[in-house]
2 protein chains.
Amino acid sequence: MVDTAPAQRTTPAGGTRPAPDVDAPNADATGDPAAGTPTAGTDTDVRIDVELVQELLLGRWAEDRRISRRLALDPAMQKIEGQPIPEHRARVLEQLRVLVDAGAIQRPYPTEFGGQDNHGGNLAAFEELVTADPSMQIKAGVQWGLFGSAVHHLGTEANHREFLPGIVSFEVPGCFAMTETGHGSDVQSIATTATYDPATEEFEIHTPFRGAWKDYIGNAALHGHAAVVFAKLVTAGVDHGVHAFYVPLRNAEGAFLPGVSGEDDGPKGGLNGIDNGRLAFDHVRVPRTNLLNRYGDVAADGTYSSPIASPGRRFFTMLGTLVQGRVSLDGAAVVAQKIALQIALTYAMQRRQFPTGDGTEGVLLDYGRHQRRLIPRLATVFAQSFAHEKLLRTFDDVFSGREDTPERREDLETQAAAFKSMSTWSALDTLQEAREACGGAGFLAENRLTGLRADLDVYVTFEGDNTVLLQLVGKRLLTEFRAKAPKDAAATAKFVAAVAASKLADASGIRRLGQTVADRGSLTASVADLQDPRTQRDLLAGRVDTMVAEIGMRLASAGKDRARAARLLNRSQHELIEASKAHAELMQWDAFTEALDEVTEGDTRRVLVWLRDLFALGLLEQHLDWYLLHGRLSAQRARAVSAYIDRLVARVRPIVPQLIETFGYEPGHVRAPIALGAEQARQDEARAWFAAEAAAGRLPEQEKKPRP
Amino acid sequence: MVDTAPAQRTTPAGGTRPAPDVDAPNADATGDPAAGTPTAGTDTDVRIDVELVQELLLGRWAEDRRISRRLALDPAMQKIEGQPIPEHRARVLEQLRVLVDAGAIQRPYPTEFGGQDNHGGNLAAFEELVTADPSMQIKAGVQWGLFGSAVHHLGTEANHREFLPGIVSFEVPGCFAMTETGHGSDVQSIATTATYDPATEEFEIHTPFRGAWKDYIGNAALHGHAAVVFAKLVTAGVDHGVHAFYVPLRNAEGAFLPGVSGEDDGPKGGLNGIDNGRLAFDHVRVPRTNLLNRYGDVAADGTYSSPIASPGRRFFTMLGTLVQGRVSLDGAAVVAQKIALQIALTYAMQRRQFPTGDGTEGVLLDYGRHQRRLIPRLATVFAQSFAHEKLLRTFDDVFSGREDTPERREDLETQAAAFKSMSTWSALDTLQEAREACGGAGFLAENRLTGLRADLDVYVTFEGDNTVLLQLVGKRLLTEFRAKAPKDAAATAKFVAAVAASKLADASGIRRLGQTVADRGSLTASVADLQDPRTQRDLLAGRVDTMVAEIGMRLASAGKDRARAARLLNRSQHELIEASKAHAELMQWDAFTEALDEVTEGDTRRVLVWLRDLFALGLLEQHLDWYLLHGRLSAQRARAVSAYIDRLVARVRPIVPQLIETFGYEPGHVRAPIALGAEQARQDEARAWFAAEAAAGRLPEQEKKPRP
């Protein structure tokens, strides 16, 4: 580098402030169907109720979020960019002790262990910690969200009394030892065993081969003194599947106990404040009572018992208690995006580059491309924020026991899998776009975008690999489809024929043609139609239903031939994942639209509706090929989609400062110098210098162009 | 965590090897137009001429690449992941001395300074260094590709004699001080001045305000003893625009010389082996002869002269000499992608996850989604590799002086801008997909994907921000359009009307309908048609032409109203960049297709044609909405696109090991343990263990499912 740039001066885009002009009535003759609608030009006068939207975004657990945000303002809790790994690990360890002292991690535990039985608030508070240091957040997640939570939810009262106090107080830093080098997503296939020995009333924890080492385990390399180890419980010669065991790892001096060994995972792509490592167990013995025995127990004589008869259902029930990891990553991904957009948008409103017609230079956010890069992402983060709040309420309903039904649990699983996948991928995308939008300054660690991206990278594959999670969502969608689909052969044939006919209609362009005729001569009608939330929902929901039906029918064609069904499913895997994403997008849209109910008519609602529309139309634009191919949008309406997005982006442009304010983050959360006035100060100084030199007659003349 | 994953076992996709089955004639009744063509099923027998393709990829400067690859095998030249920044900076400094001793950096210089006048070979060799450590590569680029190259190309013989020996020998580590905090992409607006003083025959280099500090400058924080400083040359009260000056920075002890000051840029998102920093000059004086005076000179009395009369053309000529940075980044981005795909694809062929029907577990690359994630990117990297070779030849033609014409230089600028933008973005995308495809293992620094991604991040915004570069390409396209467009009002009106009519035809679905009828009943005909390179080229080129024409006509509507034209251009900025990308894709396709001429009929050519088709159809799929909207593809043909991609991906699947081999990289270049047998060894050990336990009757029974 980073000697940036022989990028020749290109005066790339004129660069006069476009916002008001774009909306001037009949500003041009480009045939843009969105031009010429009269509402705008006054948009700079739009004032939203910032506090109201702030509260809406903070959600039900606003107070927990506020407390956590205050904690994150303490410089001692914040990441030092570029800190060497050993120091960073030590610093994060200390930060966890601060969390305990501040009462920041006790919320979800039973009151008898100093907790508040506050599940939603716990995750809300946890999510905000990402603003201080994602390593600190995730190491806390390992200790209390995984290690402690496993004891809490998979253990019984005796386990709680024995193990929870040390975990909550952090006297016993611990590990959540589930993943093995050989198996991550497929937990059911892990190979560590816990074999019961009735003679001594102990379990023997054993790692049979290298692939069965526990791997990527937070706290394993250095700080973990105990672990919840997932292993196959074997008693009386029978393998009862995966169960969790409390296993001491290190002595008071930090040395491994006999039979335990391990390795440091070494440097990682991010989150280097956490000491991830590997663990292996060579016939390590623990008392029978170290089995976390809520869902499965072994009597002294070796007899196995469980309240859940089916081994499969038992396994999924146990893993289901761990859904909170996904829920909280969804929330953290939303928080990180707010910070990223606040940095990039603030910089874009102050940074000037390239001369404009009037002799000054334009700010980046007045360039058409720059608006398109950042403003639609602002709409997306609002959608994800409302979707997350909804997910958090579902989570709290289930975990508080208020609505702990199998259906509600299944909703929770599906929502968590869908939203976590979408928001964590979106976070990487937004962080990268923000970093690029800030150019070389975005690459400096002090401006935080690269560090956040590096730390959040693993969010897309841990706590459930996004690709695997979306397959879970897809399976649920297929199950629902099957429940709806006709059962007997004759009806199925009819059903298939009906869908085939509609496909033919698509292919022949008949539908599209009809729609075009209806649209003809009413370009603005297309836009008006797309503004209608019923149209938006019909389009989004119709896409999900059709995609799932197409896959479902294809699979149904296999009949009872399971090998063939498996092949067809594999061939449809790519499409199924796309269908799951479409479903997640629909749920995000629903959440955004429901949130609008909280806001009465007026400018605030108007602006939020623009953002919702921008989110919806962004989805339509992204999947335009599908809509055209299936005849759901005519060419006319399809053109209106992009044109109306351009229109909305220009409308939102002047309101960006207010929208950023609704996030409610303080300079101590943002921290990037380029978003805290450094750039504005430089711009002001440069302008003042040129003005003073010009006034004093000290500026040199420009070399004249030669006469032709 | 990285306690990966309560990702519940989902048996996501059956997972039997799909490749042969997918191609079985009439394997299913899904209406997939690509199913049922008989060629395949024998694809595993396909053997390509690996050496031939290897040579094709190595290109004209194969020997320079080989020499550089051997150098990269030296562990002393390789990055130590997680090394603290100060040590990493010191290590890279030493590596640069090794490059000098090895004769690795002298190629482009004149023979009298120990060089070979070998411009293409120099970049080819440089590109390969990315496999060892991108920091080492880029720091070498700063010293010899920017600092040295500026003296070489912007200086005259006297400058060469005075400055080049110290630069080539690395006795004088130096900086390329062009970018300022306030101006990167807009170099013409930098604010550092070099004011000539005839009394002392010196230039006074001065930084007027904070925004004019040189920033992101490699070698500035620590190692730079001199710099080529870009500043506005002022003499006799006239500003002659940006020129380059050789300015000493530090004394032998490494302390700043009087008047020079600076700062360390601190930790960055990557490339932390380079000491980027800031520089400021407080009335620093250098002799008149320190002006690099090839394109502009100042006589002792202060008279300015230049061989190029126009200040604008002079500026662009000076910057044009620096195009090699972009060319070489394009090549390095291709190399990095080959390494990334080799890692992820190798792992995907060894890693097993989730049980399949027959009791074993499937390898990742047999899952439909996994194939879709990685195999199309393999096709893209072949396209980019051939495109880069073409660019490199253009570069060598110009820089060797063999074809140094204004037209050829303009081609070079456009190709370099277009390819560099596409390949550097593609590199980030491919590295990320590869890292995610390797799950938690992909996040470990030892497996290199996160480190390469972090280091290559800045490639998309330095040496010309991609967004700005694509606007340059777009401007060229618009200029060409204007040259073709009719000149008089009447003809323009007719031209516009003709395009409008075709637009109407699109909108009404008439064309599409016609095409559907033509396609009807011949599903395979659609596929056959898409396989025709003429069809592919027509579709790709037609898209570029139409996009440019649409924007061009819109701008033409402004007539002589320049403010209006600027507004319209700004509104079209987003579209113009998309048009530039389309143009770049077309050029990549052309390069791939031309490369096929080098291969005679047979399996090798067949496979390369599959890859070219996969690249082409990938582009059609990506832009399907555009093709549908403009009536260039019927719904029928559009469906054939995705179906044929699925087909091609399955065909290529069994040939992946051979294709990886054509890259020609050795284990010492790849280095990721997961791609060098660690995963295979674990899989083998686990299988052997289970087999032995089963044979010995030691495996426990599985708990039985309860009776219903």
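Residues numbered from 1 in each chain as written. Chains lettered and ligands numbered in written order. Predicted model: local features only at pLDDT ≥ 70, side-chain atom pairs only at ≥ 80, totals over all residues. Heavy atoms only, no water.

Each helix and strand counted, chain A has 26 helices and 14 strands in total. Every one of the 708 residues in chain A was classed for burial, and the buried ones make up 64%. Contacts in chain A between residues far apart in sequence, at least 24 positions, make up 75% of those at least 6 positions apart. As presented, chain A carries roughly 23900 Å² of accessible surface, and 54% of it is formed by carbon and sulfur atoms. (Helix = DSSP H or I, 4+ residues; strand = E, 2+ residues; numbered from the N terminus. Buried < 20%, exposed > 50% of the residue type's maximum accessible area, 1.4 Å probe, protein only. Contact = heavy atoms within 4.5 Å. Areas by Shrake-Rupley, 256 points an atom, 1.4 Å probe, with all protein chains shown as cover.)

Let us look at the interface of chain B and chain A. With 155 residues of chain B at the contact, the number on the chain A side is 156 residues. When chain B packs against chain A, the two sides together hide about 13900 Å² of surface, and 55% of this comes from carbon and sulfur. Counting every contact that joins chain B to chain A gives eight salt bridges. Where R314 of chain B meets E703 of chain A, a salt bridge forms, and the shortest distance between an N and an O atom there is 2.7 Å. The interface formed by chain B and chain A contains 56 residue pairs in polar contact (both at pLDDT 80 or more). Top contributing element to the side of chain B that touches chain A by residue count: helix α19 (residues 562-571) of chain B, with seven residues. A breakdown of the residues in the side of chain B that touches chain A according to their chemical character gives 64 nonpolar, 41 polar and 50 charged. (Buried area = accessible area lost by both parts, 1.4 Å probe. Salt bridge = Lys/Arg side-chain N within 4 Å of Asp/Glu carboxyl O. Polar contact = N/O pair within 3.5 Å; in protein donor to acceptor, adjacent residues only side chain to side chain. Nonpolar A, V, L, I, M, F, W, Y, C, P; charged D, E, K, R; others polar.)

Under the defined criterion, the tally for this structure stands at 32 aromatic pairs over all chains. Taken together, the ring pairs in this structure connect F382, F386, F592 and F663 of chain A into an aromatic cluster. The cationic tip of R210 of chain B hangs over the ring face of W213 of chain B; the distance from NZ or CZ to the ring centre is 4.9 Å. Its end group placed over the ring of F399 of chain B, R409 of chain B keeps NZ or CZ at 5.4 Å from the ring centre. (Phe/Tyr/Trp six-rings, centres within 6.5 Å; stacked < 30°, edge-to-face > 60°. Lys NZ or Arg CZ within 6 Å of the ring centre and 35° of its normal.)

What follows deals with the packing of helix α18 (residues 533-556) of chain A against helix α21 (residues 603-622) of chain A. All names here are of chain A. It is the contact of α18 with α21, at a shortest axis distance of 11 Å, that shows an interaxial angle of 35°. As α18 runs across α21, the sense of the crossing is left-handed. Only R612, D613, A616, L617, L619 and L620 of α21 make contact with α18, whose side of the interface consists of P533, Q536, L539 and L540. (Axes fitted to C-alpha atoms, helices over the stretch in contact; angles between N-to-C directions. Left-handed = near helix turned anticlockwise from the far one by under 90°.)

Here we take up the relation of the copies chain B and chain A. Superposing chain B onto chain A takes a rotation of 180° plus a shift of 0.0 Å along the axis, which leaves an RMSD of 0.0 Å. Considering both components of the superposition, the chain copies are consistent with a two-fold axis. The C-alpha atom lying nearest the rotation axis in chain B is that of D625 of chain B; the distance is 2.0 Å. In this assembly the copies share their binding face: 100% of the residues contributing to the interface of chain B also contribute to that of chain A. (Least-squares fit on C-alpha atoms with pLDDT ≥ 70 in both.)

A separate point is the UniProt feature "domain: Acyl-CoA dehydrogenase/oxidase N-terminal" (unreviewed entry) in chain A. When the UniProt feature table is mapped to this numbering, "domain: Acyl-CoA dehydrogenase/oxidase N-terminal" (unreviewed entry) covers residues 94-171 of chain A. Spanning residues 94-171 of chain A, this segment combines 67% helix with 0% strand, and its end C-alpha atoms are found 12 Å apart. (UniProt positions renumbered as here; feature names shortened; annotations may be inferred.)

Turning to the packing of helix α9 (residues 324-348) of chain B against helix α10 (residues 368-399) of chain B, a few remarks are in order. Residues and elements named next belong to chain B. Where α9 contacts α10, the axes come no closer than 9 Å and their chain directions differ by 155°. Taken together, α9 and α10 sit at an angle that is classed as roughly antiparallel. Relative to α10, the crossing made by α9 is left-handed. Along its contact with α9, which presents Q324, V327, D330, G331, V334, Q337, K338, L341, A344, L345 and A348, the element α10 presents H370, L374, R377, L378, V381, Q384, S385, H388, L391, L392 and F395. In the contact of α9 with α10, the residues fall into twelve nonpolar, seven polar and three charged. (Parallel < 35°, antiparallel > 145°, perpendicular 65-115°, else oblique.)

Turning to the sheet that holds strand β8 (residues 277-281) of chain B, a few remarks are in order. All names here are of chain B. Read across the sheet, three strands follow the order β4-β8-β7 without closing on themselves; strand pairing throughout is antiparallel. Edge positions in the sheet fall to β4 (214-217) and β7 (260-264), since each has one partner strand and no second. Here the strands of the sheet are splayed against their neighbours by 25° on average, with no regard to which way each runs. In the sheet, β7 pairs with β8 via five bridges, with the strands oriented antiparallel. (Pairing = 2+ DSSP bridges.)

Before going further, it helps to spend a moment on the UniProt feature "domain: Acyl-CoA oxidase/dehydrogenase middle" (unreviewed entry) in chain A. UniProt's entry tags residues 175-284 of chain A with the feature "domain: Acyl-CoA oxidase/dehydrogenase middle" (unreviewed entry), counted in the numbering of this structure. Helix makes up 0% of residues 175-284 of chain A and strand makes up 45%, while its end C-alpha atoms are separated by 16 Å.

Residues and elements named next belong to chain B. Given a rise of 1.5 Å per residue, 32 residues ought to cover 46 Å, and the 46 Å separating the end C-alpha atoms of α10 matches this to within 8%. With 29 of its 32 residues buried, α10 lies for the most part within the structure. In the segment just after α10, G401 is the residue with positive phi, at about 85°. (Expected span 1.5 Å × (residues − 1).)

Attention now moves to the environment of E157 of chain B. Residues and elements named next belong to chain B. Locating E157 in the fold gives a position in helix α7 (residues 157-169). Looking at E157, the relative accessible area reads 52%, which means it is exposed. Spatially, the C-alpha atom of E157 lies 37 Å from that of L57, the residues being 100 residues apart in sequence.

All names here are of chain A. Structurally, the position occupied by R671 is in the loop between α25 (667-670) and α26 (678-695). The charged side chain of R671 is buried without a salt bridge, its nearest counter-charge being E81 at 6.1 Å. A polar side-chain atom of R671 sits 3.1 Å from the main-chain carbonyl oxygen of A132. (Lys, Arg positive; Asp, Glu negative; His and termini not counted.)

The subject of this paragraph is the sheet that holds strand β4 (residues 214-217) of chain A. The pairing of strands in a sheet happens through backbone hydrogen bonds and is either parallel or antiparallel. Residue and element names in this part refer to chain A. The three strands are arranged β4-β8-β7 in an open sheet whose pairing can be described as antiparallel. In this open sheet, the two edge strands, each paired with only one partner strand, are β4 and β7 (260-264). Taking the axes of each pair of neighbouring strands and ignoring which way they run, one obtains an average angle of 25° across the sheet. In this sheet, strand β8 (residues 277-281) lies alongside β4 in antiparallel orientation, the contact comprising two bridges. Looking at β8, one finds that I217 is bridged to G277.

Turning to the nonpolar core, a few remarks are in order. Ranked by internal contacts, the top residues of the largest apolar core, which has 279 residues, are F382 and Y459 of chain A together with F382 and Y459 of chain B. Of all hydrophobic cores here, the second largest spans 45 residues; its members include V228, Y246, I308 and M318 of chain B. (Core = buried A, V, L, I, M, F, W, Y, C linked by side-chain atoms within 4.5 Å.)

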